[in-house]
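If you want the building blocks of each chain, they are given just below.
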Amino acid sequence: NSRDDLLNSIDFCKKLNEFVLPEIAVHFALTAVLLLTGHWLGFLIMLPIAVLDGRRLQMRQTRYDPTSIFVVLSRERRVSIIKVVSYMVAFFYCLFKLIAALVRTFIGHGRTFSLN
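This structure is a prediction, so every number in the text was calculated from the model and none was measured.

Analysis parameters
- Residues numbered from 1 in each chain as written.
- Predicted model: local features only at pLDDT ≥ 70, side-chain atom pairs only at ≥ 80, totals over all residues.
- Heavy atoms only, no water.
- Phe/Tyr/Trp six-rings, centres within 6.5 Å; stacked < 30°, edge-to-face > 60°.
- Salt bridge = Lys/Arg side-chain N within 4 Å of Asp/Glu carboxyl O.
- Helix = DSSP H or I, 4+ residues; strand = E, 2+ residues; numbered from the N terminus.
- Buried < 20%, exposed > 50% of the residue type's maximum accessible area, 1.4 Å probe, protein only.
- Axes fitted to C-alpha atoms, helices over the stretch in contact; angles between N-to-C directions.
- Left-handed = near helix turned anticlockwise from the far one by under 90°.
- Contact = heavy atoms within 4.5 Å.
- Nonpolar A, V, L, I, M, F, W, Y, C, P; charged D, E, K, R; others polar.
- Parallel < 35°, antiparallel > 145°, perpendicular 65-115°, else oblique.
- 1 Å grid on protein atoms, 1.4 Å probe; cavity = no way out; pocket = protein on both sides within 12 Å on 5 of 7 lines; lining within 4 Å.
- Points joined across faces, edges and corners; volume = space filled by probe spheres on them.

**Student:** With reference to specific residues and values, describe the packing of aromatic side chains.
**Tutor:** Scanning the entire structure with this criterion turns up one aromatic pair. Ring centres of Phe91 and Phe92 lie 5.3 Å apart, and the angle between their planes is 70°; on these two criteria the pair is classed as edge-to-face.

Okay, here's the thing in C-alpha cells:
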C-alpha cells in the first residue's frame, strides 16, 4: 500500500518492476493467439490493453522510478482498474465460450448429463 507510505518507494518499485515486462509479454501473446485463431470478439476485448502496453513500450516506460512513483501512482491506478475490468470481461467471455462448447458437445452427441 504505497499510497499510505507503508512501503518505501525503492522496495515498492523493485517489486513492481519484476512484473511489468512479463505481464506485457503474456498479454501480447494472448492477444496474438486470439487474433491467429480467429476469436475476433476476444481479440477486440484484449486490444485496448495491448494498445496501452504498446504505447508504454514505445515510450520506454517499462520501469518505475522510485523518485517519481508517487507522481504517477494515481494514473497507474486508473490504468490498473481498466486492465482488471478488461481481464474480467475476457474471463467471462472465455467462460461463456467454454460452457457453450460443452453444451454443444452434449446436445450434439445425444448425451445426457448426470452427476452420478
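**Student:** With reference to specific residues and values, describe the pattern of salt bridges.
**Tutor:** Per the counting criterion, the structure on display carries four salt bridges. A salt bridge links Asp53 to Lys83; its shortest N-O distance comes to 3.2 Å. Remark: Lys83 occurs in helix H3 (residues 69–108) and Asp53 occurs in helix H2 (residues 40–58); sequence separation between them is 30 residues. A single burial state applies to Asp53 and to Lys83, both of which are buried. With a shortest N-O distance of 3.2 Å, Glu76 and Arg75 are connected by a salt bridge. It is possible to trace a salt-bridge network through shared partners that takes in Glu23, Asp53 and Lys83.

**Student:** Please give an account of the packing of helix H1 (residues 9–36) against H2 that cites residues and values.
**Tutor:** In contact at an axis separation of 9 Å, H1 and H2 are set at 145° when each is read in the N-to-C sense. H2 is crossed by H1, and the crossing has left-handed handedness. Here H1 contributes Val20, Leu21, Glu23, Ile24, His27, Phe28, Leu30, Thr31, Leu34 and Leu35 to the contact with H2, which in turn contributes Trp40, Gly42, Phe43, Met46, Ile49, Ala50, Asp53, Gly54, Arg56 and Leu57. A class-by-class count of the residues in the contact of H1 with H2 yields 13 nonpolar, four polar and three charged.

**Student:** With reference to specific residues and values, describe the packing of H2 against H3.
**Tutor:** Relative orientation of the contacting elements H2 and H3 amounts to 155°, with a least axis distance of 9 Å. Here H3 runs roughly antiparallel to H2, going by the angle between their axes. Relative to H3, the crossing made by H2 is left-handed. Contacts between H2 and H3 involve Leu41, Gly42, Ile45, Met46, Ile49, Leu52, Asp53 and Arg56 from the former and Glu76, Val79, Lys83, Ser86, Tyr87, Val89, Ala90 and Tyr93 from the latter.

**Student:** How would you summarise the side chain of His27 if you had to cite specific residues and measurements?
**Tutor:** Tracing the backbone through its elements, the reader meets His27 in helix H1. By relative accessible area, which is 2% here, His27 ends up buried. Among residues more than four places away in sequence, those in contact with His27 are Met46, Ile49, Ala50, Asp53 and Tyr87.

**Student:** Explain the layout of surface pockets residue by residue, including any values.
**Tutor:** In this structure, the second largest pocket spans a volume of roughly 190 Å³. Contributing to the lining of the second largest pocket are Leu52, Asp53, Arg55, Arg56, Met59, Gln61, Arg75, Glu76, Val79, Ile82 and Lys83. Secondary-structure elements contributing two or more residues to the lining of the second largest pocket are H2 and H3. Per element, the largest residue contribution to the lining of the second largest pocket is five residues, and it comes from H3. The residue inventory of the lining of the second largest pocket, partitioned by class, reads four nonpolar, one polar and six charged.

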